[in-house]
Structure formats: structure tokens, C-alpha cells
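Survey of secondary and tertiary structure
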Amino acid sequence: QVQLVESGGGLVQPGGSLRLSCAASGSIFNIYGMGWYRQAPGKQRELVAYITSGGSTNYGDSVRGRVTISRDNAKNTVILQMNSLKPEDTAVYYCNAAIRQQDDARWRDYWGQGTQVSVSS
């Protein structure tokens, strides 16, 4: 079994910062990519940021320049540093990872349970 456990969400004022963390655990053989998506009420889930095992990154248009994604491959952890937050950043943020388990040749997508980020004065 594989689990993704997120932490770091909460309430912050506009212009503030938050740091989200996600740790993958379980019978992991390899992780290709890890990242964050978000979903606001009434909207589709969208990419926030993604990073591969080699360090290549991809950012969503709405957050580019305000967020930074980093990864600790040894700890199977991905960090999302969010700055200059806006009310429109309010959403549930989900951790995602492409993982290959021990004794399984297939790559599978895993999701965390989500953490609420609210930006409001």
C-alpha cells in the first residue's frame, strides 16, 4: 500500500505565504513525479506545480512566479512554497505522485486526501 500524507494548509491573509508538504510512504520502489493540484468549489481540478525525479518542473499559469516546488527524493517528500497568496488561491490542495510499487512493473497515480487553503482577510 502507498499513502500520501499532506500537511501545511490553513487560513492566511492576502499577500501571505504558506508551505505545503506531502510525504509518500509504503511499499515504494520508485517515484517518477510528485506535485500539487487544487480544486475550488464549482471548478475543475487544476495543476499547481509538478516536479519529476530529475528536477524538471511545471507550474500552472495562475500561480507561476508565486509558488516554488521542491522535492527530497531520499525522503519521498514534495514541498510547495506559496507566496503572495490571493483569495482566488482558496481551494483544496491535493498531492499527487506517480509511483511504482515493489514487485509491480506498473506506474500508478496516487492522490492525497487534500488540505484546505483559505486566503481571506
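Here is what the cut-offs are and how they apply
Residues numbered from 1 in each chain as written. Predicted model: local features only at pLDDT ≥ 70, side-chain atom pairs only at ≥ 80, totals over all residues. Heavy atoms only, no water. Helix = DSSP H or I, 4+ residues; strand = E, 2+ residues; numbered from the N terminus. Buried < 20%, exposed > 50% of the residue type's maximum accessible area, 1.4 Å probe, protein only. Core = buried A, V, L, I, M, F, W, Y, C linked by side-chain atoms within 4.5 Å. Contact = heavy atoms within 4.5 Å. Disulfide = S-S within 2.5 Å. Phe/Tyr/Trp six-rings, centres within 6.5 Å; stacked < 30°, edge-to-face > 60°. Lys NZ or Arg CZ within 6 Å of the ring centre and 35° of its normal. Salt bridge = Lys/Arg side-chain N within 4 Å of Asp/Glu carboxyl O.

Moving on: unusual backbone geometry. Phi is positive for Asn-76, which is not a glycine, with a value near 50 degrees. Structurally, Asn-76 is set in the loop between β7 (67–72) and β8 (77–82). By relative accessible area, which is 22% here, Asn-76 ends up partly exposed. Here Ser-84, not a glycine, exhibits a phi torsion of approximately 50 degrees, which is positive. Checked against the element boundaries, Ser-84 lands in the loop between β8 and β9 (91–101).

Turning next to the nonpolar core. The nonpolar side chains of a soluble globular protein tend to be buried with one another. Among the nonpolar cores identified, the biggest contains 31 residues, and Trp-36, Leu-80, Met-82, Tyr-93 and Ile-99 are the most heavily contacted of them. Every element with two or more residues in this core is listed here: β1 (2–7), β3 (18–26), β4 (28–39), β5 (46–52), β7, β8, β9 and β11 (115–119). Per-element accounting of this core gives the leading share, five residues, to β9. The residues contacting Leu-80, other than those within four sequence positions of it, are Leu-18, Arg-19, Leu-20, Trp-36, Val-48, Ala-49, Val-67, Thr-68, Ile-69 and Tyr-93.

All told, the structure shown has one disulfide when counted by the stated rule. The residue that forms a disulfide with Cys-22 is Cys-95, at a sulfur-sulfur distance of 2.0 Å. Across the disulfide from Cys-22 to Cys-95, rotation about the S-S bond amounts to roughly -85 degrees, and the bridge is consequently left-handed. A residue pair is termed long-range when its members are at least 10 positions apart, and Cys-22 in strand β3 and Cys-95 in strand β9 qualify at 73 residues. Both residues of the pair, Cys-22 and Cys-95, belong to the buried class.

Once that is clear, we can look at the packing of aromatic side chains. One pass over the structure, following the stated rule, counts one aromatic pair. Sitting above the plane of the Tyr-94 ring, Arg-45 keeps its charged end 3.9 Å from the centroid. Above the ring of Trp-111, the side-chain terminus of Arg-45 is found at 4.7 Å from the ring centroid.

Under the defined criterion, the tally for this structure stands at six salt bridges. A salt bridge links Arg-64 to Asp-61; the shortest N-O distance between them is 2.7 Å. Taking relative accessible area as the criterion, Arg-64 reaches 45% and is therefore assigned partly exposed. By relative accessible area, Asp-61 is classed as exposed at 67%. Note that Asp-89 and Arg-66 form a salt bridge whose closest N and O atoms lie 2.8 Å from each other. You can see Asp-89 sitting in the loop between β8 and β9 and its partner Arg-66 sitting in the loop between β6 (57–59) and β7, a full 23 residues away along the chain. In this structure, Asp-89 and Arg-66 share a single accessibility class: buried. Here the salt bridges do not stand alone but share partners, grouping Arg-38, Glu-46, Arg-66 and Asp-89 into one network.

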